[in-house]
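# Survey of secondary and tertiary structure
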Amino acid sequence: MGGALPLDNLNSLVFSDGEAASPAFYRFALEVDSPADTFLDLSGWGKGTVFVNGRALGRFWDKGPQRRLYLPAPWLRMGENEIILFETEGRTGKTIVLWDEPDLGPEG
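A short tour of the structure in this document, coming up. Quantities reported herein were computed from a predicted structural model and do not represent experimental measurements. (Residues numbered from 1 in each chain as written. Predicted model: local features only at pLDDT ≥ 70, side-chain atom pairs only at ≥ 80, totals over all residues. Heavy atoms only, no water.)

### Things to note about the nonpolar core
Membership of the largest hydrophobic core comes to 18 residues, with the highest contact counts inside it found for L40, L42, V50, V52, L57, I83 and L85. When contributions to this core are tallied by element, the ones reaching two or more residues are β1 (24-32), β3 (47-52), β4 (55-61), β5 (68-71) and β6 (79-87). Sort the elements by how many residues they give to this core and β1 lands first, with 4 residues. Beyond its immediate sequence surroundings of up to four residues, V50 is in contact with L40, L42, R55, A56, L57, G58, F60, L69, I83, I84 and L85. L13, F51, I84 and F86 belong to the second-largest nonpolar core, a separate cluster that totals 5 residues. (Core = buried A, V, L, I, M, F, W, Y, C linked by side-chain atoms within 4.5 Å. Buried < 20%, exposed > 50% of the residue type's maximum accessible area, 1.4 Å probe, protein only. Helix = DSSP H or I, 4+ residues; strand = E, 2+ residues; numbered from the N terminus. Contact = heavy atoms within 4.5 Å.)

### Observations regarding the sheet that holds strand β7 (residues 97-99)
Read across the open sheet, the 3 strands follow the order β5-β2-β7; overall the sheet is antiparallel. The open sheet has two edge strands with one neighbour each: β5 and β7. Across the sheet, the mean angle separating the axes of adjacent strands is 35 degrees when strand polarity is ignored. Where strand β2 (residues 38-41) and β5 come together, 4 bridges link them in antiparallel fashion. Across the sheet, residue D41 finds its bridge partner in β5, namely R68. (Pairing = 2+ DSSP bridges. Axes fitted to C-alpha atoms, helices over the stretch in contact; angles between N-to-C directions.)

### Some points on the side chain of R68
Note on placement: R68 falls in strand β5. On the basis of relative accessibility, which here comes to 10%, the residue R68 falls in the buried class. Here the side chain of R68 touches D41 through a polar contact of 3.4 Å, side chain to side chain. A polar side-chain atom of R68 sits 2.9 Å from the main-chain carbonyl oxygen of E101. Setting aside chain neighbours within four positions, we find R68 in contact with F39, L40, D41, W99, E101, P102 and D103. (Polar contact = N/O pair within 3.5 Å; in protein donor to acceptor, adjacent residues only side chain to side chain.)

### Concerning the sheet that holds β3
Here 4 strands make up an open sheet; going across it, the order is β1-β6-β3-β4 and the pairing antiparallel. Each of the sheet's edge strands pairs with one partner strand only, and the pair in question is β1 and β4. With strand direction ignored, the average angle separating the axes of adjacent strands in the sheet is 25 degrees. Pairing of β3 with β4, which is carried by 6 bridges, proceeds in the antiparallel orientation. The partner of F51 across the bridge, within β4, is A56.

### Some words on the side chain of N81
Take N81: it is sitting in strand β6. At 2.8 Å, the side chain of N81 and the backbone oxygen of R77 are in polar contact. Excluding residues within four positions of it along the chain, N81 makes contact with F28, A29, L30, V32, N53, W75 and L76.

Printed below as a string of structure tokens:
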């Protein structure tokens, strides 16, 4: 059995280039001119966890119920921001999308 995942220090992670087997970590850079509340859409991704600038934002699952994660403005900084996805199911989207409104799914 392997050891625990090093989620207390994200600097030591090894990121996938899209060709890795699951589970894998993926890194995205987000350039921000003016931080504002936003919603992270992970359509096309399977199941996992999101980190923004080293902080755990939340979990996602393509089965729902919610379809977008709330990302509060204070978590973002002017300039470059780092978004890390830990995808456990091997279902990877090519992109992530930011919206200015939530999508709570068909029941929301």
